[in-house]
Amino acid sequence: QVQLVESGGGLVQPGGSLRLSCAASGSIFSMYDMGWHRQAPGKQRELVAAITRGGITNYADSVKGRFTISRDNAKNTVYLQMNSLKPEDTAVYYCNRVDGLGIPFGPWGQGTQVTVSS
């Protein structure tokens, strides 16, 4: 059973940056494709970035060019570097395993709140 712990969220002004971390335990992290998802109030959870076991990345159009996903298999950690943040990026951010279609599976962590506001 994989356990996921997200961290690094906070309050940031528009145009600012944050780096989120997701530490995984309980399984062989390097075997899985991973994704960062977010859920804003009143909206469905959406996938914003994914990275395969081999390091191939994919992004939602809304974050392309601003967010960068990466992973460190030795540390069982996946990261999300978020630059040029906008108020519409405000959400709770979660990581999870994803399948080949980007569909998340397994239990969710508690998430980390990102608030972009002046």
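Residues numbered from 1 in each chain as written. Predicted model: local features only at pLDDT ≥ 70, side-chain atom pairs only at ≥ 80, totals over all residues. Heavy atoms only, no water.

## Details of the side chain of Arg71
The residue Arg71 is located in strand E7 (residues 67-72) in this model. We note that Arg71 is buried and unpaired, the nearest opposite charge coming from Asp33 at a distance of 5.2 Å. At a separation of 3.1 Å, a polar atom in the side chain of Arg71 contacts the main-chain carbonyl oxygen of Phe29. A distance of 2.9 Å separates the side chain of Arg71 from the side chain of Asn73, its partner in a polar contact. Ignoring anything within four residues of it in the chain, the contact list for Arg71 reads Phe29, Ser30, Tyr32, Asp33, Met34, Ile51, Thr52, Arg53, Thr77 and Val78. (Helix = DSSP H or I, 4+ residues; strand = E, 2+ residues; numbered from the N terminus. Buried < 20%, exposed > 50% of the residue type's maximum accessible area, 1.4 Å probe, protein only. Lys, Arg positive; Asp, Glu negative; His and termini not counted. Salt bridge = Lys/Arg side-chain N within 4 Å of Asp/Glu carboxyl O. Polar contact = N/O pair within 3.5 Å; in protein donor to acceptor, adjacent residues only side chain to side chain. Contact = heavy atoms within 4.5 Å.)

## Some points on the sheet that holds E7
Read from one edge of the open sheet, 4 strands run E1-E3-E8-E7, paired in antiparallel fashion. The outermost strands of the open sheet, each flanked by one partner alone, are strand E1 (3-7) and E7. Adjacent strand axes in the sheet meet at a mean angle of 15°, parallel and antiparallel pairs treated alike. One ladder, built from 5 bridges, connects E1 with strand E3 (residues 18-25); its direction is antiparallel. Within the sheet, the bridge partner assigned to Glu6 lies in E3 and is Cys22. (Pairing = 2+ DSSP bridges. Axes fitted to C-alpha atoms, helices over the stretch in contact; angles between N-to-C directions.)

## Observations regarding the layout of surface pockets
Empty space within the largest pocket amounts to approximately 200 Å³. Every residue lining the largest pocket is counted, 17 residues in all, and those nearest its centre are Leu47, Ala50, Asn58, Gly100 and Gly102. Mapped onto the lining of the largest pocket, the elements with two or more residues apiece are strand E5 (46-51) and strand E6 (57-59). Looking at the lining of the largest pocket, the element that brings in the most residues is E5, giving 5 residues. (1 Å grid on protein atoms, 1.4 Å probe; cavity = no way out; pocket = protein on both sides within 12 Å on 5 of 7 lines; lining within 4 Å. Points joined across faces, edges and corners; volume = space filled by probe spheres on them.)

## With respect to the pattern of salt bridges
One pass over the structure, following the stated rule, counts 5 salt bridges. Across the pair Asp61 and Lys64 runs a salt bridge, and its minimum N-O distance is 3.2 Å. Taking relative accessible area as the criterion, Asp61 reaches 67% and is therefore assigned exposed. Overall, Lys64 belongs to the partly exposed group, its relative accessible area being 49%. With a shortest N-O distance of 2.7 Å, Asp89 and Arg66 are connected by a salt bridge. Taken as a pair, Asp89 in the loop between strand E8 (77-82) and strand E9 (91-98) and Arg66 in the loop between E6 and E7 lie far apart in primary sequence, 23 residues in all. Judged by relative accessible area, Arg66 falls into the buried class, the value being 11%. Among the charged side chains, a salt-bridge network with shared partners connects Arg38, Glu46, Arg66 and Asp89.

## Brief notes about the packing of aromatic side chains
Each pair of aromatic rings is reported with the distance of its centres and the angle of its planes. Taken as a whole, this structure holds 2 aromatic pairs when the rule is applied. With 5.8 Å between their ring centres and 75° between their planes, Tyr94 and Trp108 make a pair best called edge-to-face. On the criterion of sequence distance, the pair formed by Tyr94 in strand E9 and Trp108 in the loop between strand E10 (104-105) and strand E11 (112-116) is long-range, its members being 14 residues apart. The exposure class of Tyr94 is buried, given its relative accessible area of 12%. (Phe/Tyr/Trp six-rings, centres within 6.5 Å; stacked < 30°, edge-to-face > 60°.)

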